[in-house]
Amino acid sequence: MKSKEHMELLLKEKADIYHKDEGENHVIMYVETDDFVFVDYLFVSKYARGQGLGKKLLDKLKRKNKPIILEVEPVDYEDTDTVKRNRFYSREGFTHAQSVGYRKKSLATNKVNELEILYWSPTDETEHSIYEKMKHTYETIHTYKDKDLYGESYDAVDQAVTYQKEDEAIK
């Protein structure tokens, strides 16, 4: 996850594409380009969960009529939050991009996290298109000024975001 400093820098220096919607019980930060939306951070207060706020926030993004992409931790049945989160996105029509791999190394701990890419699309978006959009997000947002902020750089895009042809992807 990005540091608060990194997110504030993006809001300031990438204000044309990086946005924040904040209310009493939520925060959502997202990237909007001409042809897709990437949800960078979505938080709903525990006091407001189960009241449809997350759905309303996603519906607002869906009305932009562009593919929506986000990254989540894989389901860990020992961690009920990951189960609930994945169930929520599935209910909202998000699909797991089976052929897109995403590995994000923490510069703080050096630990590599395998994340899943989920997407929703108003059209028949291909997973290769999602892969290209995720690469764009990684290069313009995730690694933005990483050396300045953290003293070192994240992995190159081709190491972090990978694509396996859909007919070769593990189902």
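For the structure itself, look to the data block above.
Nothing here was measured: the structure is a model prediction, and the numbers come from that model.

**Q** Before we go on, may I ask you to explain the nonpolar core in this structure?
**A** In globular proteins that are soluble, nonpolar side chains generally tend to be buried together. Core analysis: the biggest nonpolar cluster contains 29 residues, and Tyr18, Ile69, Tyr102, Ile117, Met134, Tyr138 and Val161 have the highest contact counts within it. Elements that contribute at least two residues to this core include exactly α1 (4-13), β2 (26-32), β6 (100-105), β7 (112-120), α4 (127-142) and α6 (157-160). Broken down by element, the residue count for this core peaks at 5 residues, all from α4. Once residues within four sequence positions are removed from consideration, Tyr18 is found in contact with Met7, Leu10, Leu11, Met29, Tyr30, Val31, Asp40 and Ile141. In this structure, Tyr30, Val44, Phe88 and Tyr89 belong to the second largest nonpolar core, which totals 17 residues.

**Q** For this particular structure, what's the right way to read the pattern of salt bridges?
**A** Taken as a whole and judged by the stated rule, the model has 14 salt bridges. Between Lys60 and Asp21 there is a salt bridge; the shortest N-O distance is 3.0 Å. Taken together, the residues span a long stretch of sequence, with Lys60 in helix α2 (residues 53-62) and Asp21 in strand β1 (residues 18-23) at a distance of 39 residues. Of the residues examined, Lys60 reaches a relative accessible area of 45% and is grouped as partly exposed. A relative accessible area of 18% places Asp21 in the buried class. Here Glu92 and Lys62 are joined by a salt bridge, their closest N and O atoms 3.6 Å apart. Of this pair, Glu92 sits in the loop between α3 (80-91) and β5 (95-96) while Lys62 sits in helix α2, and the two are 30 residues apart along the sequence. The class of Glu92 is buried, set by a relative accessible area of 8%. One salt-bridge network, held together by shared partners, links Lys55, Asp59, Lys62 and Glu92.

**Q** I tried to follow unusual backbone geometry on my own but got confused; where do I start?
**A** Glycine aside, the phi torsion of most residues is negative, and most peptide linkages are trans. With phi around 60°, Asn65 is a residue other than glycine that occupies positive phi space. Structurally, Asn65 is set in the loop between α2 and β4 (68-72). Phi angles above zero are rare outside glycine, and Lys145 is one such case at about 50°. On the secondary structure map, Lys145 appears in the loop between α4 and α5 (146-150). Judged by its relative accessible area of 33%, Lys145 falls in the partly exposed class.

Definitions and cut-offs
- Residues numbered from 1 in each chain as written.
- Predicted model: local features only at pLDDT ≥ 70, side-chain atom pairs only at ≥ 80, totals over all residues.
- Heavy atoms only, no water.
- Core = buried A, V, L, I, M, F, W, Y, C linked by side-chain atoms within 4.5 Å.
- Buried < 20%, exposed > 50% of the residue type's maximum accessible area, 1.4 Å probe, protein only.
- Helix = DSSP H or I, 4+ residues; strand = E, 2+ residues; numbered from the N terminus.
- Contact = heavy atoms within 4.5 Å.
- Salt bridge = Lys/Arg side-chain N within 4 Å of Asp/Glu carboxyl O.

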